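Read off the chains here:
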Amino acid sequence: MTLTPVQLTRPASVTDALLRQLVERVPGTGATWQLTEVYTGEVLVALPQSAPADIEAAYATARAAQRQWAATPVRERLAVFRRAHTLFVDNARTTADLIQVESGKNRRMAIEETCDPPMVMSHYLKRAAKLLAPVKRGGPVPMLTTSTEIRQPKGVVGIIAPWNFPFATGISDAIPALMAGNAVVLKPDNKTALSPLHGVRMLEEAGLPKGLFQVVCGEGPDVGPTLIDNADYVMFTGSTATGRVIGERAGRNLIGCCLELGGKNPMIVLEDADLAETVQGAVFGAFGNTGQICMHIERIYVPESRYDEFRDAFVAAAKALDVRAAYDFGPEMGSLVSVDHLGRVRSHVDDAVAKGATVLCGGRPRPDLGPAFFEPTVLEGVTKDMLCGVTETFGPVVALHRYRTVDEAVALANDTDYGLNASVWGGNLDAARAVAARIESGNVNINDILATAYAAKGTPSGGVKNSGVGARHGDQGLLKYTDVQNMAVLKKQVMGAKPGEDYGKHVERMLSGLKMMRRTRIR
Ligand code: NAD
């Protein structure tokens, strides 16, 4: 296969000077990694690789800055994010340029990704002060005791982020950690380190103390152990396989972790679903971000009675997609992230075809469009003995299945080790809700693919089964970065037997006191 280099002009904002300024932030002692522009394969910049000693030094700097930050009043900490919100929105186009050059996604997805950190900031700007305020609770003896729940920052949070939404996962997950008084050491994927580095730069411009947010780079297995061993908490987003490695190490160190992992997400089309809307939704679900969204759709279940009309309309829509490399809003689908990842996606399709699946459209790499382009692909006849029948493909590949009854559709949707996201489409919302409630999944969207759930920043979003542990967003998305200190006060020495008191009498008094408090609902 010969690769035809794509003739493209790099976005004007992505200058060599900007690239140099960004990577200068990464500590390293010589070794570098060639970060490339995905559409052309051209080297953009040499990214420093952090050795264990660099990572330890980054933690030491972050830890020193964190002590002062934790002592800064919450309202002053939050003021930084109020300013950052404006900066992030004003710089959205440059951020999208960086996201696009490093990930190869189309511009529509890149600009949408830039909106995630401001949305997270907005939510926690409203909620953080309340969540972090001490909560006075009653002690065991009314009036004479108090217990106060105090939220202390964990210390330094290690964040490990993937390449598919590098800016959102690298920066958005850091925001509640920082608001809560922590420092952060972030390890982005080597391929997509530019946009998170740009995010850290904007946060510092908004007033985040220097040193508080460190970025280290390297291949996961090289830097992971030192990163985790120095952290007080780990926030990981990535594959289920890597999540297990991270979880095991965090467990050994007795630190908490949140694991946001992969999915094999189903979409169920009900009898009364609107065809045009459902097809449009399915196109985004299967091919949005070139199929590289953890919550995207890889399995679609359609009732037998509507299967043919859905299949024909969906395949026609997939074939009509505008797929190409461009730094404008034209293309509806961009590239995969790398030639390596293209190999994985292709191997899933080849394996399915070899085992009897039918390709309804797509199924081939497109080197004429760029080194890592793959066609939007719709398969039929996918079974569980095929790679793409059971494991996440993470590309623009989706399988269509027929079902006879709703019970069968629910059983098929649940027949997976994953449980990250699901999508149910139907005209009768009550009926759709009843189906959605039966799906084993951390997120279920009705008449949408994922945006309604993911953009609802007030509700926790996470995976069940092999799709994760813990959640981001909602109150727990901030509280997980804190430890509770139970500060208890005894105002008068009333606990236990008085000196010289008969112990039997004391026990009687204590037991009747328990009954009295229950009756009067004091305790
Ligand atoms: P990955 O697990 O290969 O890598 C994720 C990150 O972990 C990268 O920064 C990588 O360098 C690092 N890493 C790899 N091995 C490591 C190790 N041994 N120790 C420490 N760090 C290590 O995943 P990926 O291919 O980059 O990302 C795609 C996966 O992420 C998909 O499975 C996708 O579903 C998942 N994902 C999940 C969510 C979610 O919120 N649930 C969001 C985005 C992506």
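What counts and what doesn't
Each chain carries its own residue numbering, running from 1 in the direction its sequence is written. Note on the predicted model: pLDDT of at least 70 is required for a residue's local features to be given, and 80 or more for side-chain atom pairs to be given and counted; whole-chain, interface and lining totals, by contrast, use all residues. Hydrogens and water molecules were not included; the side-chain quantities draw on all heavy atoms of the structure. Inter-axis angles, ranging from 0 to 180 degrees, are taken between N-to-C directions of lines fitted to C-alpha atoms, where helices are fitted over the stretch in contact. Only DSSP runs of H or I with at least four residues qualify as helices, and only runs of E with at least two residues qualify as strands; both kinds are numbered from the N terminus onward. We call two directions roughly parallel when the angle between them is under 35 degrees, roughly antiparallel when it is over 145, roughly perpendicular when it lies between 65 and 115, and oblique otherwise. Contacts: residue pairs with any heavy atoms within 4.5 Å of one another. Following the grouping adopted for this structure description, the nonpolar residues are Ala, Val, Leu, Ile, Met, Phe, Trp, Tyr, Cys and Pro, the charged ones are Asp, Glu, Lys and Arg, and the polar ones are all others, Gly among them. Note on terminology: near, applied to a residue and a molecule or strand, indicates that one of the residue's heavy atoms is within 4 Å of it. For the purposes of these results, a polar contact is taken to be a pair of N or O atoms within 3.5 Å, where, inside protein, one atom must be able to donate a hydrogen and its partner to accept one; residues adjacent in sequence count only when each atom of the pair is a side-chain atom. All accessible-area figures derive from a Shrake-Rupley calculation using a 1.4 Å probe, and residue coverage is judged against the displayed protein chains alone. The pairing criterion is simple: DSSP has to find at least two bridges between the two strands. One side-chain nitrogen of Lys or Arg within 4 Å of one carboxyl oxygen of Asp or Glu is enough to make a salt bridge. Using a 1.4 Å probe on the protein chains alone, a residue whose accessible area is under 20% of its type maximum counts as buried, one over 50% counts as exposed, and one in between counts as partly exposed. The directions considered for the arc run from the helix axis to the C-beta atoms. A pocket here means an open set of points on a 1 Å grid, computed over the protein atoms alone, that has protein on both sides within 12 Å along at least five of seven lines. A cavity is instead a set of points where a 1.4 Å probe fits but cannot get out; residues with an atom within 4 Å of a point line either one. Grid points are joined across faces, edges and corners, and a volume is the space filled by probe spheres set on the points. Working definition: a ring pair exists when centres of Phe, Tyr or Trp rings (six-membered ring for Trp) sit within 6.5 Å. Plane angles under 30 degrees give stacked, over 60 give edge-to-face, the rest tilted. Look at NZ for Lys and CZ for Arg. If either is within 6 Å of the ring centre and within 35 degrees of the ring normal, a charge sits over the ring. Two helices that cross are described as forming a left-handed crossing if the nearer one is turned anticlockwise from the farther one by less than a right angle, and a right-handed crossing if clockwise. UniProt positions are given in the numbering used here, feature names are shortened, and annotations may be inferred rather than shown by experiment.

### Structural notes on the packing of helix α5 (residues 107-114) against helix α6 (residues 116-132)
When two helices pack together, their arrangement is given by the angle between the helix axes and the distance between those axes. Two elements in contact, α5 and α6, have axes separated by 4 Å at closest approach and are oriented at 25°. The orientation of α5 with respect to α6, classified from their angle, is roughly parallel. Here α5 contributes Glu112, Glu113 and Thr114 to the contact with α6, which in turn contributes Asp116, Pro117 and Pro118. Its residues assigned to classes, the contact of α5 with α6 comprises 2 nonpolar, 1 polar and 3 charged.

### Section: the site of the ligand
Around the ligand, the structure places 26 residues, and the nearest of them are Ala161, Ser239, Thr242, Leu261 and Glu392. Residue Ala161 places a main-chain N or O atom 2.7 Å away from an oxygen atom belonging to the ligand. Trp163 places a polar side-chain atom, nitrogen or oxygen, 3.1 Å from an oxygen atom of the ligand. Burial of the ligand by the surrounding chains reaches 87%, relative to a free accessible area of 850 Å². Elements with a contribution of two residues or more to the shell around the ligand: α10 (220-229), β8 (233-237) and α11 (240-252). Tallied by class, the residues present in the shell around the ligand amount to 13 nonpolar, 8 polar and 5 charged.

### Section: the sheet that holds β8
Sheet strands line up and pair through hydrogen bonds in the backbone, either parallel or antiparallel. The strand order across the open sheet formed by 6 strands is β7-β6-β5-β8-β9-β17, and the pairing between neighbours is mixed. If you trace the sheet from one side to the other, it starts and ends with β7 (213-215) and β17 (468-469), each paired once. As paired strands, β8 and strand β9 (residues 256-260) are joined by 5 bridges and run parallel to one another. Residue pairing across strands places Phe236 opposite Leu259, the latter belonging to β9. Across the face of the sheet, helix α2 (residues 52-70) comes into contact with β5 (156-160), β6 (183-187) and β7 while running at roughly 155° to β6. The sheet strands contacting α11 are β5, β8 and β9, and the helix crosses β9 at an angle near 175°.

### Things to note about the pattern of salt bridges
Scanning all chains against the criterion turns up 31 salt bridges. Two residues, Arg107 and Asp97, come together in a salt bridge whose shortest N-O distance is 2.9 Å. Of this pair, Arg107 sits in helix α5 while Asp97 sits in helix α4 (residues 92-103), placing them 10 residues apart in sequence. A residue is classified by how much of its surface remains accessible, and Arg107, at 7% relative accessible area, is buried. Taking relative accessible area as the criterion, Asp97 reaches 10% and is therefore assigned buried.

### Thoughts on helix α1 (residues 16-23)
Those residues of α1 that sit buried are Leu18, Leu19, Leu22 and Val23. Buried residues of α1, viewed axially, fall in a sector of 120°; they line one side.

### A look at the layout of surface pockets
One number sums up the size of the second largest pocket: a volume of about 500 Å³. Lining of the second largest pocket is provided by 17 residues; of these, Val141, Val494, Met495, Arg509 and Met510 occupy positions nearest its centre. Looking at the lining of the second largest pocket residue by residue, the classes come out as 11 nonpolar, 4 polar and 2 charged.

### Here we look at the packing of aromatic side chains
What the rule picks out here adds up to 7 aromatic pairs. Judged by centre distance (5.6 Å) and plane angle (80°), the rings of Tyr233 and Tyr481 are edge-to-face. Taken together, the positions of Tyr233 in strand β8 and Tyr481 in the loop between α19 (476-479) and β18 (482-490) put the pair 248 residues apart, joining distant regions of the chain. Take Tyr233 and Tyr481: they sit in the same class, and that class is buried. Following the ring pairs from residue to residue traces out a cluster consisting of Tyr39, Tyr327 and Phe373. The aromatic ring of Phe165 is capped on one face by Lys105, whose charged end is 3.9 Å from the ring centroid. Above the face of the Phe329 ring, Arg107 is positioned so that its terminal group lies 5.6 Å from the ring centre.

### Digging into the packing of helix α3 (residues 74-90) against α6
One way to put it is that α3 packs onto α6 with a least axis distance of 9 Å and a crossing angle of 170°. When the axis of α3 is compared with that of α6, the two are roughly antiparallel. In terms of crossing hand, the pair formed by α3 and α6 is left-handed. Contact with α3, carried on its side by Val74, Arg77, Leu78, Phe81, Arg82, Ala84, His85, Phe88 and Val89, involves Pro117, Pro118, Met121, Ser122, Leu125, Ala128, Ala129 and Leu132 of α6 and no other residues of that element. Tallied by class, the residues present in the contact of α3 with α6 amount to 13 nonpolar, 2 polar and 2 charged.

### Here's the deal with the sheet that holds strand β4 (residues 145-153)
With antiparallel pairing, 3 strands are arranged side by side in an open sheet as β3-β4-β18. Lying at the two open borders of the sheet, with one neighbouring strand each, are β3 (135-138) and β18. Pairwise comparison of adjacent strand axes, ignoring direction, gives a mean angle of 25° for this sheet.

### Concerning the side chain of Thr278
Of note, Thr278 is situated in helix α12 (residues 275-287). For Thr278, the side chain forms a polar contact with the main-chain oxygen of Asp274, separated by 2.5 Å. Among residues more than four places away in sequence, those in contact with Thr278 are Met267, Val269, Ala273, Phe310 and Trp425.

### Quick look at the UniProt feature "active site" (unreviewed entry) in the protein
Following the UniProt record, the feature "active site" (unreviewed entry) maps to Glu260 here. Tracing the sequence through the fold places Glu260 in strand β9. The class of Glu260 is buried, set by a relative accessible area of 4%. The residues touching Glu260, leaving out its near neighbours within four places in the chain, are Met235, Phe236, Thr237, Gly238, Ser461, Gly462, Gly463, Ser467, Gly470, Ala471 and Arg472.

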